[in-house]
Amino acid sequence: MLKVEGLQKRFGGVAALRGVGFHLPRRAILGVIGMNGSGKTTMLNCINGIYQPDSGSIRLDGKEIGGLPVHTIARRGIGRTFQVPRVFSHLSLLDNLDVAQGQMGLSAAERYEASSYWLNKVQLFGLRHNFAEELSGGQQKLLELARIMVAKPKVILLDEPFAGVNPGLAQLLIAIIAELPREHDCSVVLVSHDLTSIYQLSGHVIVLNEGTLLCEGDANTVRNDPAVIEAYLGA
Amino acid sequence: MQSADHAAAVEASRRQDEGGERLRARMAAAFFAAVIAALALVPVLTGNTSFAFYLMLWITMASALNIVVGFTGYLPFGYVVFYGVGAYAAGICYKVLGWPIPLALVASGVAGICLALLLAPTLRLKGVYFGIVSLALATIMRLIIANLPSDITGGSMGLILSSSNNPFASYYAMLLVMAATLLSVLWLAQSALGKALKAIRDDDGAAACIGIDVPRTRLVAWLLAALFPALAGGVEAWHTNIIDPEYAFHVLITAKSIVYAMAGGFGTIIGPVVGAAVLLGIDHVIWQKFPLINLLLLGLVIIALMLFLPRGIVGTVLKRRPQLRRFIA
Ligand SMILES: Nc1ncnc2c1ncn2[C@@H]1O[C@H](COP(=O)(O)OP(=O)(O)OP(=O)(O)O)[C@@H](O)[C@H]1O
Ligand SMILES: [Mg+2]
């Protein structure tokens, strides 16, 4: 589905990514962990076109997407959320989702159907006429997830979806993410500091450290890898 | 059976939600229709059309500016350049090339669009830089026109279109331009394009991430925001018969457009109309009662507005009384 190889990105003197790669099969959830500044967000930014990678290849269904403009990559089926939520603050929740379907050639009724489905799913339907700025930070994260899902993406990149979300909402988020692959044919790249939920959701986990791949494997392998324990858990 | 119930529930709430949106659009349309009808009657009912003419001009300027500020979040400090170029295009086509007035006015619009296309690369700049570059470009444009051969532009004396005088026809031409502006705003507010523009205004990076082609979408708003002031400049030149190079590119014209739109509320549909009407009305009264200190008083009124109604008249009402959001946009 999504194949990333040899991704490199420098910012002046800082090498944020030094040859990172992974393969995300269809309907899988790939966990990404790593310390602050290890390059997780930079990797997502390269994949969805916010940054131009210095080198490396990014292929979606076998087609190279590296270097395409952000909106083109979005239209090819890659959605993403942000570490700090970025909702359209002066649009209603309904319009936040409506505008995300603007490129799909749907009727207003079809768009409304999808919007109300996802608003119900994230339990925000009752607030649909509110401005997005009137939501709490955690609710904004849920709205962001709904906003990318209405566009029926093939792959979604979630940057710290649980950060700043209270345990109740986090439980809801975990439940929703868990069913995305099966019910919505969506593959997920999940960046998180919350190891418990990563281990719970992801079959395969990669660990970044200073822009390189420290190790990868299933949750158990990674959890018990000495290099990870030393670098990441600081044990 | 449950899914049928569910579908019916979705359908019901969709009807209700769409009804609300349509109601707001209808209210705004009714308001605009009333304004247009009232202004259409002015020449028939009274001989003094000057106030009404400038009211239409400023409604056009403020509403068109609202398209770029309210819908994309960009504040072009050099906005006057479209108005000035429109005035000169009409003047030169009429006076130098000998075109009939209607054709000269088409040339105004075309000139505005061409200039907007020329300036389109500046839309890639971030907000503040965009505003400043736009101001610089307006100044450059004024200098270029002032330094063209004076048998084309009239040099520092400007152009006088004496034989074209037709206050009645030019009044209705301005009415037409204003009506077209208001219709465009109404259409934009309802359209998918309008929603995309508001998304860009709130967060252009996030807008790109949901598949919106940000530069192209901004360009549409930019072209609309250039077309109407250019037409207004052309019609005003026809109405007054004079194009003065100082006035045609005066920064005060940008400032007034901003203040009127802001007084009503950027991003609301009817705000710029309300703002232009209220402030022009106040200006008119002050000018008659206190001719010596009118600018001072007007300045105080504007400061008071910004202090107490920072979102503008309409914007503040909507913020304070959310229940009115059902009716007013
Ligand atoms: N726009 C930028 N300009 C300069 N340096 C940057 C930029 N973005 C990221 N970096 C640098 O790249 C490195 C990786 O940053 P990145 O944000 O990808 O880390 P992260 O793994 O997401 O960290 P966190 O867990 O704190 O979110 C850091 O050293 C950061 O300072
Ligand atoms: Mg990060």
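Check the entry above for the structure.
Throughout what follows, the structure given in this document is the object of discussion. The numbering scheme is per chain: residues are counted from 1 as the chain's sequence reads. Whichever chain is written first becomes A and whichever ligand is written first becomes 1, with later ones labelled in order. Given that the model is predicted, a residue must reach a pLDDT of at least 70 before its local features are reported, and side-chain atom pairs must reach 80 or more before they are shown or counted; all residues, however, enter totals for whole chains, interfaces and linings. Just so you know, side-chain values use all the structure's heavy atoms and leave hydrogens and water out.

**Looking at the side chain of A:Gln101**
Then, number 1: What counts as a helix is a DSSP run of H or I of at least four residues, what counts as a strand is a run of E of at least two, and both are numbered from the N terminus. As for its position among the elements, A:Gln101 is in the loop between helix H3 (93-99) and helix H4 (108-121).
Then, number 2: For this analysis, residues touch if any pair of their heavy atoms sits within 4.5 Å. Leaving out residues up to four positions away in the same chain, A:Gln101 has contacts with A:Leu106, A:Glu110, A:Arg111, A:Ala114, A:Ser115 and A:Val150.

**Notes on a nonpolar patch on the surface**
Residue and element names in this part refer to chain B.
Then, number 1: On the surface, Phe290, Leu292, Ile293, Leu296, Leu300, Ile303, Leu307 and Phe308 cluster together into a nonpolar patch covering about 920 Å² of accessible area.
Then, number 2: Take isoleucine 293: it is sitting in the loop between helix H13 (271-289) and helix H14 (294-308).
Then, number 3: Residue class for isoleucine 293 comes out partly exposed when judged on its relative accessible area of 39%. Residues forming no salt bridge and having over 30% relative accessible area are the ones grouped into patches, like charges within 9 Å of each other and nonpolar side chains (Val, Leu, Ile, Met, Phe, Trp, Tyr) within 5 Å. In these tables, accessible area is a Shrake-Rupley quantity obtained with a 1.4 Å probe, and a residue counts as shielded only by the protein chains included in the view. We define a salt bridge as a side-chain nitrogen of Lys or Arg found within 4 Å of a carboxyl oxygen belonging to Asp or Glu. For every residue, the accessible area obtained with a 1.4 Å probe (protein chains only) is divided by the maximum for its type, and the residue is called buried under 20%, exposed over 50%, and partly exposed between those limits.

**Comments concerning the pattern of salt bridges**
Side chains that differ in sign of charge can pair as their charged atoms come close.
Residues and elements named next belong to chain A.
Then, number 1: All chains considered together, the criterion is met by 19 salt bridges over all chains.
Then, number 2: Across the pair aspartate 98 and arginine 111 runs a salt bridge, and its minimum N-O distance is 2.9 Å. Here arginine 111 lies in helix H4 and aspartate 98 lies in helix H3, a separation of 13 residues in the sequence. Across this residue pair, the class does not change: aspartate 98 and arginine 111 are buried.

**Here's the deal with the environment of B:Ile243**
All names here are of chain B.
Then, number 1: Here isoleucine 243 lies in strand S2 (residues 242-243).
Then, number 2: Along the chain, isoleucine 243 and proline 76 lie 167 residues apart, while their C-alpha atoms are 23 Å from each other.
Then, number 3: Filtering out sequence-adjacent residues up to four positions away, isoleucine 243 remains in contact with Ala87, Tyr88, Gly91, Met157, Gly158, Leu159, Ala237 and Ala248.

**A word on the sheet that holds strand S4 (residues 55-60) of chain A**
Residues and elements named next belong to chain A.
Then, number 1: At least two bridges found by DSSP between two strands is the condition for calling them paired. Taking strand neighbours across the sheet as the criterion, the four strands line up as S2-S1-S4-S5 in an open arrangement whose pairing is antiparallel. Two strands in the sheet have a free side with no partner beyond their single neighbour: strand S2 (14-24) and strand S5 (63-64).
Then, number 2: Sheet topology note: the S4/S5 ladder contains two bridges and is antiparallel. Pairing of arginine 59 across the sheet is with glutamate 64, part of S5.

**Here we look at the site of ligand 1**
Residues and elements named next belong to chain A.
Then, number 1: Any residue with a heavy atom positioned within 4 Å of a molecule or strand is treated as near that molecule or strand. Taken together, 14 residues lie around ligand 1, and Gly37, Lys40, Thr41, Thr42 and Gln83 are the ones closest in.
Then, number 2: Each polar contact in these results corresponds to two N or O atoms within 3.5 Å; when the atoms are within protein, one needs to be able to donate a hydrogen and the other to accept it, and residues that are neighboring in sequence are counted only if both atoms are side-chain atoms. At 2.5 Å, a side-chain N or O of threonine 42 approaches an oxygen atom of ligand 1.
Then, number 3: The separation between an oxygen atom of ligand 1 and a polar side-chain atom of glutamine 83 is 2.8 Å.
Then, number 4: In the complex, the protein chains occlude 64% of the 630 Å² of accessible area that ligand 1 would expose alone.
Then, number 5: The set of elements that each furnish at least two residues to the shell around ligand 1 consists of S2 and helix H1 (40-47).
Then, number 6: Among the elements that take part in the shell around ligand 1, H1 stands out by supplying three residues, more than any other.
Then, number 7: By residue class, the composition of the shell around ligand 1 is five nonpolar, eight polar and one charged. Under the scheme applied, nonpolar residues are Ala, Val, Leu, Ile, Met, Phe, Trp, Tyr, Cys and Pro; charged residues are Asp, Glu, Lys and Arg; polar residues are all the others, including Gly.

**Some thoughts on the state of the cysteines**
Then, number 1: Pairs of cysteine sulfur atoms within 2.5 Å are identified as disulfides in what follows. Scanning all chains against the criterion turns up zero disulfides over all chains.
Then, number 2: Summary of cysteine pairing: A:Cys186 is not part of a disulfide, and the nearest cysteine sulfur, belonging to B:Cys209, is at 15 Å.
Then, number 3: Under the relative-accessibility criterion, A:Cys186 is labelled buried at 0%.
Then, number 4: No disulfide involves B:Cys114; its nearest neighbouring cysteine sulfur is the one of B:Cys93, lying 11 Å away.
Then, number 5: Classification of B:Cys114 by relative accessible area gives partly exposed; the value is 44%.

**Points about the packing of helix H2 (residues 50-72) of chain B against helix H7 (residues 167-190) of chain B**
Residues and elements named next belong to chain B.
Then, number 1: Simply put, an axis is a line fit to the C-alpha atoms, just over the touching stretch for a helix, and the angle between two N-to-C directions goes from 0 to 180 degrees. Two elements in contact, H2 and H7, have axes whose closest approach is 9 Å; the angle formed by their N-to-C orientations is 25°. With respect to H7, the element H2 is oriented roughly parallel. In this structure, H2 crosses over H7, and the sense of that crossing is left-handed. Where H2 abuts H7, its residues Ala52, Phe53, Met56, Leu57, Ile59, Thr60, Ser63, Ala64, Ile67 and Phe71 lie against Ser170, Tyr171, Met174, Leu175, Val177, Met178, Thr181, Leu182, Val185, Leu188 and Ala189.
Then, number 2: When the residues that make up the contact of H2 with H7 are grouped by side-chain class, the tally is 17 nonpolar, four polar and no charged. Here roughly perpendicular refers to angles of 65 to 115 degrees, roughly parallel to angles under 35, roughly antiparallel to angles over 145, and oblique to all remaining angles. By convention the crossing between two helices is left-handed if the near helix lies anticlockwise of the far one by an angle smaller than a right angle, and right-handed if it lies clockwise.

**So, the sheet that holds strand S10 (residues 212-218) of chain A**
All names here are of chain A.
Then, number 1: As summarised here, the arrangement of the six strands in space is S6-S7-S8-S3-S9-S10, forming an open sheet in which the pairing is mixed. Where the open sheet ends on each side, the last strands, each with one partner, are strand S6 (78-80) and S10. Ignoring strand direction, the axes of neighbouring strands in this sheet form an average angle of 20°.
Then, number 2: Bridge count between strand S3 (residues 29-34) and strand S8 (residues 187-191): four bridges; the pairing is parallel. Bridge assignment links glycine 31 to a residue of S8, and that residue is leucine 190.
Then, number 3: Seen against the sheet, H1 touches S3, S6, strand S7 (155-159), S8 and strand S9 (204-209) and runs at an angle of roughly 150° to S7.

**Here's the deal with the packing of aromatic side chains**
Then, number 1: Here is the rule: rings of Phe, Tyr and Trp (six-membered ring for Trp) pair when centre to centre is within 6.5 Å. Planes less than 30 degrees apart are stacked, more than 60 are edge-to-face, and the remainder are tilted. On inspection of all chains with the given rule, the structure shows twelve aromatic pairs over all chains.
Then, number 2: Taking the centre distance of 5.5 Å and the plane angle of 75° together, the rings of B:Phe130 and B:Trp222 count as edge-to-face. Of the two residues, B:Phe130 is situated in helix H5 (residues 127-147) and B:Trp222 in helix H10 (residues 214-240); the sequence distance between them amounts to 92 residues. Residues B:Phe130 and B:Trp222 agree in their burial class; the two are buried.
Then, number 3: Three or more aromatic residues link up through ring pairs in this structure, and these residues are B:Tyr74, B:Phe82, B:Phe130 and B:Trp222.
Then, number 4: The positively charged end of A:Arg128 is found above the aromatic ring belonging to A:Phe125, 4.2 Å away from the centroid.
Then, number 5: We call a charge positioned above a ring when the Lys NZ or Arg CZ atom is no farther than 6 Å from the ring centre and deviates by at most 35 degrees from the ring normal. Sitting above the plane of the A:Tyr199 ring, A:Arg223 keeps its charged end 4.3 Å from the centroid.

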